[in-house]
Amino acid sequence: MAATDDVLESFNSLMAELDYPMFIVTTVAEDDGERSGCLIGFATQISIKPPRFLAGLSHKNRTYRVAQRAEYLGVHFVPADGKEVAELFGSETGDEVDKFERCDWHEGPEGVPIVEGLPNWFVGRIVGRLDGGDHDAMILEPIAGERQAEEEELTFHRAKRIEPGHAP
């Protein structure tokens, strides 16, 4: 049974109330070392034992395409004052620019790019991929990470002014 227009309107209205934290996801392709990264808002911890995290990647996004050839994702927590780096990874498309030429970063665990200036991050091995509609859910098992600062995060409502690099 398909959702009616009224149900979709109610659902979308409810979802608009949520204020998710924003993350920058980075990855590197196993076959050719191609790097990519993007700003995401669909993400959450989904298990404690064993620890698991879900990162939703848009099918329209270059990072999604690179992640299809990757085994690991880096998940960076974006602080409230991180709007500049959020704009780079959210409003630019890797189809047109190399985001890593425009920011400081270093090679992290398993070759995953770690963005400088984002002190809280982890790298996870992709242990599952689920089709979620216009996004795929990447299920991650953490293998490394750092927590260097206690910071307020950049949330969806603060970040929604960022013009997406790809149409929604």
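Here, the structure is the one placed above.
Here we summarise the structure given alongside this text.

The next subject is the environment of D81. Its location among the elements puts D81 in the loop between β5 (72-77) and α3 (83-91). The class for D81 is exposed, based on a relative accessible area of 67%. For D81 and E152, which are 71 residues apart along the polypeptide, the C-alpha to C-alpha distance reads 8.5 Å.

Attention now moves to the pattern of salt bridges. For the structure on display, the rule yields 10 salt bridges. Residues E141 and R52 are paired through a salt bridge, measuring 3.8 Å at the closest nitrogen-oxygen approach. Note that E141 is positioned in strand β9 (residues 135-147) and R52 in strand β4 (residues 52-58), a separation of 89 residues in sequence. For the salt bridge of E92 with R102, the shortest nitrogen-to-oxygen distance reads 3.9 Å. Of the two residues, E92 sits in the loop between α3 and β6 (105-107) while R102 sits in the loop between α3 and β6, which places them 10 residues apart along the sequence. You can call E92 partly exposed: its relative accessible area is 29%. Via salt bridges that share partners, D31, D32, E34, R62 and R69 belong to a single interconnected network.

About the thresholds
- Residues numbered from 1 in each chain as written.
- Predicted model: local features only at pLDDT ≥ 70, side-chain atom pairs only at ≥ 80, totals over all residues.
- Heavy atoms only, no water.
- Helix = DSSP H or I, 4+ residues; strand = E, 2+ residues; numbered from the N terminus.
- Buried < 20%, exposed > 50% of the residue type's maximum accessible area, 1.4 Å probe, protein only.
- Salt bridge = Lys/Arg side-chain N within 4 Å of Asp/Glu carboxyl O.

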